[in-house]
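# Secondary and tertiary structure notes
Single-letter residue listing:
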Amino acid sequence: LSLLLGSSVRGFDGHRKGFVVGGGLGFGTTSYKEKIASPFGSSETNWTNEFGFMTDFKIGYAPTNQLEIFYSDKGSWFDYFGAIALNGLGAASVNYYLKPEGPTFYLGGGVGFSTFTLPFENNSDVELGFGFYAGAGYEFVRHFAVELDFMFGTPQEKSGGFEYTFTGFTPRITVIGTAF
């Protein structure tokens, strides 16, 4: 009965409206400082800059050919005193395309939670905190865009009377592919 009464689902038909999923790779620089606070006082490092490898993933829905609403997972992978660190951002996001079809410019941003961890180290904790990003991109051919965004986050961890705060700012450039 469901085969006879079912209607066709319009997805991945070349129009941005509908289900969207995508990902990208790129590069950038993470600028960060760390603060340690205790009942006896606090100390803060100077800003440190680390070149890194950037990743991006998105999944969501476009109610029109110009507006995307999606979950975004952005990451900056960089060297942290000889270990690989991940400064990430999981955000509720939107992109607004200036034209319904490419090539076209778009604006985007998102708000959510930021993370900092050493994912390949044993017993590494994940620091969590507030984060956001803002950026713009250019869809140069259908399904592919180059994007420049700025990611900011302040993940924290409390342990043994100490509070650790990682403050990170990352300008990123990525090439993103999106299926729609």
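Residue positions are counted from 1 within each chain, in the order its sequence is given. Only residues with pLDDT of 70 or above have their local features reported here, since the model is predicted, and side-chain atom pairs are shown and tallied only from 80 upward, although totals for entire chains, interfaces and linings are computed over all residues. Hydrogen atoms and water are omitted, and side-chain values are computed over all heavy atoms in the structure.

### Regarding the pairing of strand 6 (residues 104–117)
Two elements, strand 5 (residues 83–97) and strand 6, share 12 bridges in a ladder whose sense is antiparallel. What sits directly across from Leu86, in strand 6, is Thr117. Once strand 5 ends, the chain turns through six residues before running back antiparallel as strand 6. When strand 6 meets strand 7 (residues 127–141), the two strands line up antiparallel, connected through 13 bridges. Within strand 7, the residue paired with Gly112 across the bridge is Gly131. Two strands form a pair only when DSSP identifies at least two bridges running between them. What counts as a helix is a DSSP run of H or I of at least four residues, what counts as a strand is a run of E of at least two, and both are numbered from the N terminus.

### Quick look at the layout of surface pockets
Volume-wise, the largest pocket comes out at about 290 Å³. Taken together, 17 residues make up the lining of the largest pocket; nearest its centre are Glu34, Tyr80, Glu127, Glu157 and Tyr164. When residues of the lining of the largest pocket are traced back to their parent elements, those giving at least two are strand 1 (18–38), strand 2 (41–44), strand 6 and strand 9 (162–179). With a 1 Å grid spanning the protein atoms alone, the term cavity applies to any set of points in which a 1.4 Å probe fits but cannot get out, the term pocket to an open set with protein on both sides within 12 Å along at least five of seven lines, and the term lining residue to any residue with an atom within 4 Å of a point. Grid points are joined across faces, edges and corners, and a volume is the space filled by probe spheres set on the points.

### Focus: the pattern of salt bridges
Every case where a carboxyl oxygen of Asp or Glu lies within 4 Å of a side-chain nitrogen of Lys or Arg is listed as a salt bridge. For the structure on display, the rule yields nine salt bridges. Close ionic contact of Lys33 with Glu44 constitutes a salt bridge, the shortest N to O distance being 3.6 Å. Linking Lys33 in strand 1 with Glu44 in strand 2, this pair joins segments that are 11 residues apart in sequence. In this structure, Lys58 engages Glu68 in a salt bridge whose closest nitrogen and oxygen atoms are separated by 2.9 Å.

### Remarks on the environment of Ala134
Mapped onto the elements of the fold, Ala134 is located in strand 7. Once the C-alpha coordinates of Ala134 and Ala83 are considered, the two residues, 51 residues apart in sequence, prove to be 28 Å apart. In what follows, a contact means two residues having at least one pair of non-hydrogen atoms within 4.5 Å. When residues no more than four places from it in sequence are discounted, the contact partners of Ala134 are Gly108, Gly109, Asp149 and Phe150.

### Here's the deal with empty space enclosed by the protein
Per the counting criterion, the structure on display carries two cavities of 30 Å³ or more. If you go around the largest cavity, you meet 19 residues; those closest to its centre are Lys58, Asn95, Tyr106, Glu147 and Ile176. When residues are sorted by character, Ala, Val, Leu, Ile, Met, Phe, Trp, Tyr, Cys and Pro go into the nonpolar class, Asp, Glu, Lys and Arg into the charged class, and all the rest, Gly among them, into the polar class. A breakdown of the residues in the lining of the largest cavity according to their chemical character gives eight nonpolar, six polar and five charged. What lines the second largest cavity is simply Gly14, His15, Arg16, Asn65, Pro100, Glu101, Gly102, Glu139, Arg142 and Phe180.

### A word on a nonpolar patch on the surface
For patch detection, residues must exceed 30% relative accessible area and be free of salt bridges, and they are connected within 9 Å for like charges or within 5 Å for nonpolar side chains (Val, Leu, Ile, Met, Phe, Trp, Tyr). With residues, only the protein chains shown are counted as cover, and all accessible areas are computed by Shrake-Rupley using a 1.4 Å probe. The grouping of Phe19, Phe57, Ile59, Tyr71, Phe113, Val126 and Leu128 at the surface amounts to a nonpolar patch, some 620 Å² of accessible area in total. Inspection of the secondary structure assignment puts Ile59 in strand 3 (residues 48–62).

### Digging into the packing of aromatic side chains
Pairing of aromatic side chains requires ring centres within 6.5 Å, counting the rings of Phe and Tyr and the six-membered ring of Trp. Pairs whose planes differ by under 30 degrees are stacked, by over 60 edge-to-face, and all others tilted. With the rule as written, the count across this model stands at 15 aromatic pairs. Pairwise contacts between aromatic rings join Tyr32, Phe78, Tyr80, Phe81, Phe116 and Phe166 into one cluster. Charge-over-ring placement is defined geometrically: NZ (Lys) or CZ (Arg) within 6 Å of the ring centre, and within 35 degrees of the ring normal. One Lys or Arg, Arg16, reaches over the ring of Tyr97 and ends 3.6 Å from the middle of that ring.

### Section: the side chain of Thr174
Mapping Thr174 onto the fold places it in strand 9. If sequence neighbours within four positions are ignored, Thr174 has contacts with Leu25, Gly26, Met54, Asp56, Ala145, Val146 and Glu147.

Function cannot be read off these values alone, since they describe shape.
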